[in-house]
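Chains, contacts and geometry: an overview
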Amino acid sequence: MPILSLDPRVNRLQVEQVPEHQPPVLVPGDHWPSYQVFHQRRRGEKHSSVGIVHAPSLEMAMAMAKEQFGRRGETSNLWVVCTADVLEMDYADEEVFRTTPSKSYRDPAGYKVNEKIDAYKAKQTP
Amino acid sequence: MYGGGYIPAGVEETKAQAESPELLAQFEARITRGEKIEPRDWMPAVYRKQLIRMIEQHAHSEIIGALPEGTWITRAPGFRRKLALMAKVQDEVGHAQLLYSAAETLGKKREDMLNDLINGKSKYSNVFNYPAETWADVAVIGFLIDAAAIVNQVANSKGSYGPYCRALERICYEESFHLKQGHSVFVWLATGTPMQREMLQNALNRWWEPIMHFFGPSDTMSQHTETLMRWKVKMATNDVMRQQFLNIYVPKIWDLGLSLPDPELRKDESTGQWLFTEPNWDTFFKVINGDGPCSRERLAVRKVAEERGAWVRAALRRADARYATPLA
Ligand SMILES: [Fe+2]
Ligand SMILES: [Fe+2]
């Protein structure tokens, strides 16, 4: 006997109760692979990673991305990339970059000359 | 919306000592420093297990939560209300997608999560096992259930797992619209005709117990809870969140001259704590175990949606599809 619902949409579906030992309804791969989505709010701004969608193809991923990440606020552009195509750095390699911020020779702040100039000027004036 | 801080027991605590002490120390130090854990970082098995469980249940709550409110989409009073309700319900399904993805980064496939939902192995928030009998129920759900969910989700968004926090940030933003539109419907009915007020009062009376159940029973600070709080999986106790909720929202309800069906409910001004009659926790556990007024309907609808959509998904599926765990 179909379940009687307060929701007319559910009544139209004529749903039956889930049996006690329900075997898996979904098989692996049923919900397709995932795509990473990049969103640009306005022209001129950069695209940022906003999350993923599941889709059977790039084109469908784009359609899903528009719905999931473009339905509110501003959207100027979207990119989708198949997750399997992305090479991610190992987080363990974070260490390699730990000393980068302190490499002052790569930094404008690492080149202070005002003291020298001032000293030079002081020496010139009798 | 979401089903609160209540995580049903079932994950036995594997002893943290079983993990590499060095890696565990690094992991805990990272959390103490306020850094986030990312998907492919080392993490204790029990951390992974508990997060999957929690995020998955949260996702189920979003997707099932779309059903009680969806009941009224076809009969929403007026075009603007209908648009708002459709937008809200769509957001909830979108929340489920974001959360399933966050859980998927921890290694559980979306298909497995949905199978576990349908076969009853995995739970979702109790409140969605109750019917939305009238349009006023939509007001109570949109205003108060979403408000309770916000209390919970804002707390969780400061947790330690990066993908979950990022999903919650976006979710919280959308929830504030849910709350506002729910409050708007609520105020319209409360300030409407005597019949509308009566309909709203009745809905409040029906929903008060499920709302009091929302955050789960009072926590005993077990070893388990302590570990989860240290790892920033659980961010606040059920009692703390319930108090926060009562403190903000009970006055807003009373302001409109509506009542709540608990004669003991009041704020103890000396302690700042709200006093209330304990809801019936036997009912709570009964409903969690699949015996709520709408439990069977909810799962049956979910099952049918997957079954009857299977041919479309299969037709679109490509033989060369390559699966990879989502990055974030
Ligand atoms: Fe919501
Ligand atoms: Fe939500």
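Residues numbered from 1 in each chain as written. Chains lettered and ligands numbered in written order. Predicted model: local features only at pLDDT ≥ 70, side-chain atom pairs only at ≥ 80, totals over all residues. Heavy atoms only, no water.

A few points about the pattern of salt bridges
Quick reminder of the rule: Any carboxyl oxygen of Asp or Glu within 4 Å of a side-chain nitrogen of Lys or Arg constitutes a salt bridge here.
Inspection of every chain in the model, using the stated rule, returns 34 salt bridges over all chains. When salt bridges that share partners are traced, they join Asp30(A), Arg302(B), Glu306(B), Arg313(B) and Arg317(B) into one network.

Thoughts on helix H10 (residues 281–291) of chain B
Residue and element names in this part refer to chain B. For clarity, the threshold we go by: Relative accessibility under 20% of the residue-type maximum defines a buried residue, over 50% an exposed one, and the middle range a partly exposed one, all with a 1.4 Å probe and only protein chains included. Think of it this way: any DSSP run of H or I at least four residues long counts as a helix, any run of E at least two long counts as a strand, and we number them from the N terminus. Summarising the geometry, the arc corresponds to the directions from the helix axis toward the C-beta atoms. Only heavy atoms matter for contacts: two residues are in contact if any of them lie within 4.5 Å across the pair. Polar contacts, as used here, are pairs of N or O atoms within 3.5 Å; protein pairs need one atom able to donate a hydrogen and one able to accept it. Residues neighboring in sequence count only if both atoms are side-chain atoms.
When H10 is considered as a whole, its buried residues turn out to be Trp-281, Phe-284, Val-287 and Ile-288. All buried residues of H10 lie within an arc of 115 degrees about the axis, which places them on one face of the element. Along H10, the residues that are exposed and aim more than 90 degrees away from the buried face are Asp-282 and Asn-289. Turning to H10, the residues buried within the fold contact helix H7 (194–213), helix H9 (238–255) and helix H11 (295–316). One side-chain oxygen of the residue at the start of H10 lies 2.8 Å from the amide nitrogen of Asp-282, identifying that residue as Asn-280.

Brief notes about the packing of aromatic side chains
The geometry of an aromatic ring pair comes down to the distance between the two centres and the angle between the two planes. All names here are of chain B. Here is the rule: Here a pair means two rings of Phe, Tyr or Trp (six-membered ring of Trp) with centres within 6.5 Å. Their orientation is stacked below 30 degrees between planes, edge-to-face above 60, and tilted elsewhere.
Under the criterion given, the structure shown has 14 aromatic pairs over all chains. Seen in terms of ring centroids, Phe-27 and Trp-42 are 6.0 Å apart; in terms of plane orientation they differ by 80 degrees. Their pairing is edge-to-face. A residue pair is termed long-range when its members are at least 10 positions apart, and Phe-27 in helix H1 (residues 21–32) and Trp-42 in the loop between H1 and helix H2 (45–70) qualify at 15 residues. Residue Trp-42 is classed as partly exposed on the basis of its relative accessible area of 30%. Considering the side-chain rings of Trp-254 and Trp-274, the 5.8 Å spacing of their centres and the 50 degrees angle between planes classify their relative orientation as tilted. Of the two residues, Trp-254 is situated in helix H9 and Trp-274 in strand E2 (residues 273–275); the sequence distance between them amounts to 20 residues. Connected via pairs of aromatic rings, a cluster forms that spans Phe-143, Phe-186, Phe-214, Phe-215, Phe-245 and Tyr-249.

Thoughts on a nonpolar patch on the surface
Residue and element names in this part refer to chain A. Stated formally: Exposure above 30% relative accessible area and the absence of a salt bridge qualify a residue for a patch, where like charges join within 9 Å and nonpolar side chains (Val, Leu, Ile, Met, Phe, Trp, Tyr) within 5 Å. A 1.4 Å probe and the Shrake-Rupley method give the accessible areas. Residues count as covered only by the protein chains that appear here.
Judged by side-chain polarity, Met-89, Val-96 and Phe-97 come together as a nonpolar surface patch covering roughly 310 Å² of accessible area. Tracing the chain through its elements places Val-96 in the loop between strand E3 (77–82) and helix H3 (114–124). Classification of Val-96 as exposed rests on a relative accessible area of 57%.

A few points about the packing of H7(B) against H9(B)
For any two helices packed against each other, one specifies the inter-axial angle together with the distance between the axes. Residues and elements named next belong to chain B. Cut-off, in case you're wondering: Angular values range over 0 to 180 degrees, each being the angle between N-to-C directions of two axes fitted as lines to C-alpha atoms, with helices fitted over their stretch in contact. Should an angle fall under 35 degrees it is taken as roughly parallel, and over 145 as roughly antiparallel, whereas 65 to 115 is taken as roughly perpendicular and any remaining angle as oblique. Crossing handedness is defined as follows: a turn of the near helix away from the far one that is anticlockwise and smaller than a right angle gives a left-handed crossing, while the clockwise case is right-handed. Lys, Arg, Asp and Glu make up the charged group, whereas Ala, Val, Leu, Ile, Met, Phe, Trp, Tyr, Cys and Pro make up the nonpolar group; the residues left over, Gly among them, are polar.
Look at H7 against H9: their axes get within 13 Å of each other, and the N-to-C directions meet at 165 degrees. Judged by the inter-axis angle, H7 sits roughly antiparallel to H9. Considering only the axes of H7 and H9, their crossing is left-handed. Here Leu-204, Trp-208, Ile-211 and Met-212 of H7 lie close against H9, whose contacting residues are Arg-242, Phe-245, Leu-246, Val-250 and Ile-253. For the contact of H7 with H9, the per-class residue count stands at eight nonpolar, no polar and one charged.

A word on helix H2 (residues 58–69) of chain A
What counts is decided by this rule: To estimate the expected span of a helix, count its residues, drop one, and scale the result by 1.5 Å.
An ideal rise of 1.5 Å per residue puts 16 Å on 12 residues; H2(A) measures up with 15 Å between its terminal C-alpha atoms. Every buried residue of H2(A) is listed here: Ala61(A), Ala65(A), Gln68(A) and Phe69(A). For H2(A), the buried positions fall inside an angular range of 75 degrees around the axis, keeping them on one side. Those residues of H2(A) that are exposed and aimed more than 90 degrees away from the buried face are Glu59(A) and Lys66(A). Those residues of H2(A) that are buried lie in contact with strand E1 (34–40), strand E2 (48–54) and E3 of chain A together with helix H3 (79–104) and helix H6 (162–190) of chain B.

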